[in-house]
Amino acid sequence: MEQLPNSQTEPDGSAVVRVLSYNIRSLRDDTDALVRVIKACAPDLVLLQEAPRFFRWRKKITRLAAASDLVLLSGGATAAGPALLCSLRATVERTEDVLLPLTPGQHRRGLATAVVRFGGARLGVLSTHLSLRAEERHQQAGLLLDHLAGLGVPHAVAGGDLNERPGGRTFRRLGDGLRDCWTAAPWGGEYTFPATATAPDRRIDAVFVTEGVEVLGCGVPSGLPGVAEDDLRAATDHLPVLTALRVPATPA
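Residues numbered from 1 in each chain as written. Predicted model: local features only at pLDDT ≥ 70, side-chain atom pairs only at ≥ 80, totals over all residues. Heavy atoms only, no water.

**Student:** What is the right way to look at the overall build of the protein chain in this model?
**Tutor:** Check the secondary structure of the protein chain and you find six helices and 13 strands. Computed over the C-alpha atoms, the radius of gyration of the protein chain is 16 Å, within 12% of the 18 Å expected from 2.2 N^0.38 for a compact globule of 252 residues. If you line up the protein chain on its principal axes, its C-alpha atoms span 50 × 40 × 35 Å. Counting only residues that meet the buried cut, the protein chain has 54% of its 252 residues in that class. Sequence-distant contacts in the protein chain: of pairs separated by 6 or more residues, those separated by 24 or more amount to 72%. Carbon and sulfur atoms make up 50% of the accessible area of the protein chain, which amounts to about 10500 Å² in all. In the protein chain, the 28 positive side-chain charges and the 28 negative ones have mean positions that sit 6 Å from each other. (Helix = DSSP H or I, 4+ residues; strand = E, 2+ residues; numbered from the N terminus. Rg over C-alpha atoms; globule rule 2.2 N^0.38 Å. Buried < 20%, exposed > 50% of the residue type's maximum accessible area, 1.4 Å probe, protein only. Contact = heavy atoms within 4.5 Å. Areas by Shrake-Rupley, 256 points an atom, 1.4 Å probe, with all protein chains shown as cover. Lys, Arg positive; Asp, Glu negative; His and termini not counted. Charge placed at Lys NZ, Arg CZ, Asp CG, Glu CD.)

Structural data, given as structure tokens:
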């Protein structure tokens, strides 16, 4: 499989950034396998869903980050599950955890957001896990777009578990406001769920970017050196989505 570009900062201040979006099912599976997958993907940013939210949740996420040579950026219980990890390459400007309106009888949903810099490039970042209910999911997508625009940066990346396939109303709403990275530059595998199946049959996890961000490749890192198929199946019930982006330098 053709390799994605490595992380780097270009002479003009732009940056190649590797972003991994991953539903980790509250670390209920093989954490060692999960760490091996994350490290092999060599991400600058990790957009987590279903991060630990209850007893000692921060310690659990921090340990996962440290084992993966990353640090906790934002999220977890304070965002109702989504979280962000980053490498030491990132310079953090600010973070914000957002709780979305609660529908009685449903799980609380939220957004983990941040603004970071790589070289001369500033990048808004958002991780989310949308509702299982179609109407609520569609409303949450609108709030996601509003919060992403509210970060106040020209370039941004958003990803997560959408609980919906391409072609669905919510997926289309996000695609109207952002660019679906898999569609822009498919690489690796397409389907993300269920990871435990011999052949996953749906794409319900995705990464999107704003205009101006160049997508260099996006997909499930099946076949990536160091990413074993057994680890992908054992780590959690979703497959990860790895994306390489070129983010332009932000004008001073």
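And the narrative resumes.
**Student:** Explain the sheet that holds strand β11 (residues 205–209) to me, please; I cannot follow it from the model alone.
**Tutor:** Within a beta sheet, neighbouring strands are joined by backbone hydrogen bonds and run either parallel or antiparallel to one another. Strand order in the open sheet formed by six strands is β6-β7-β8-β9-β11-β10, and the pairing between neighbours is mixed. Two strands close off the open sheet at either side, each with one partner strand: β6 (91–99) and β10 (179–180). Pairing of strand β9 (residues 156–161) with β11, which is carried by five bridges, proceeds in the antiparallel orientation. Following the sheet pairing, Val157 is matched in β11 by Val209. (Pairing = 2+ DSSP bridges.)

**Student:** Honestly, the packing of helix α3 (residues 134–150) against helix α4 (residues 169–177) in this entry has me stumped. Any pointers?
**Tutor:** Two quantities define a packed helix pair, namely the angle between the helix axes and the distance between the axes. Viewed as axis vectors pointing N to C, α3 and α4 meet at an angle of 10°, and their least axial separation amounts to 9 Å. Of the possible angle classes, the one that applies to α3 and α4 is roughly parallel. You can see that α3 and α4 cross each other, and the crossing is right-handed. Each of Ala134, Glu135, Arg137, His138, Gln139, Ala141, Gly142, Leu144 and Leu145 in α3 lies in contact with α4, whose residues at this interface are Arg169, Thr170, Arg173 and Leu174. A breakdown of the residues in the contact of α3 with α4 according to their chemical character gives five nonpolar, four polar and four charged. (Axes fitted to C-alpha atoms, helices over the stretch in contact; angles between N-to-C directions. Parallel < 35°, antiparallel > 145°, perpendicular 65-115°, else oblique. Left-handed = near helix turned anticlockwise from the far one by under 90°. Nonpolar A, V, L, I, M, F, W, Y, C, P; charged D, E, K, R; others polar.)

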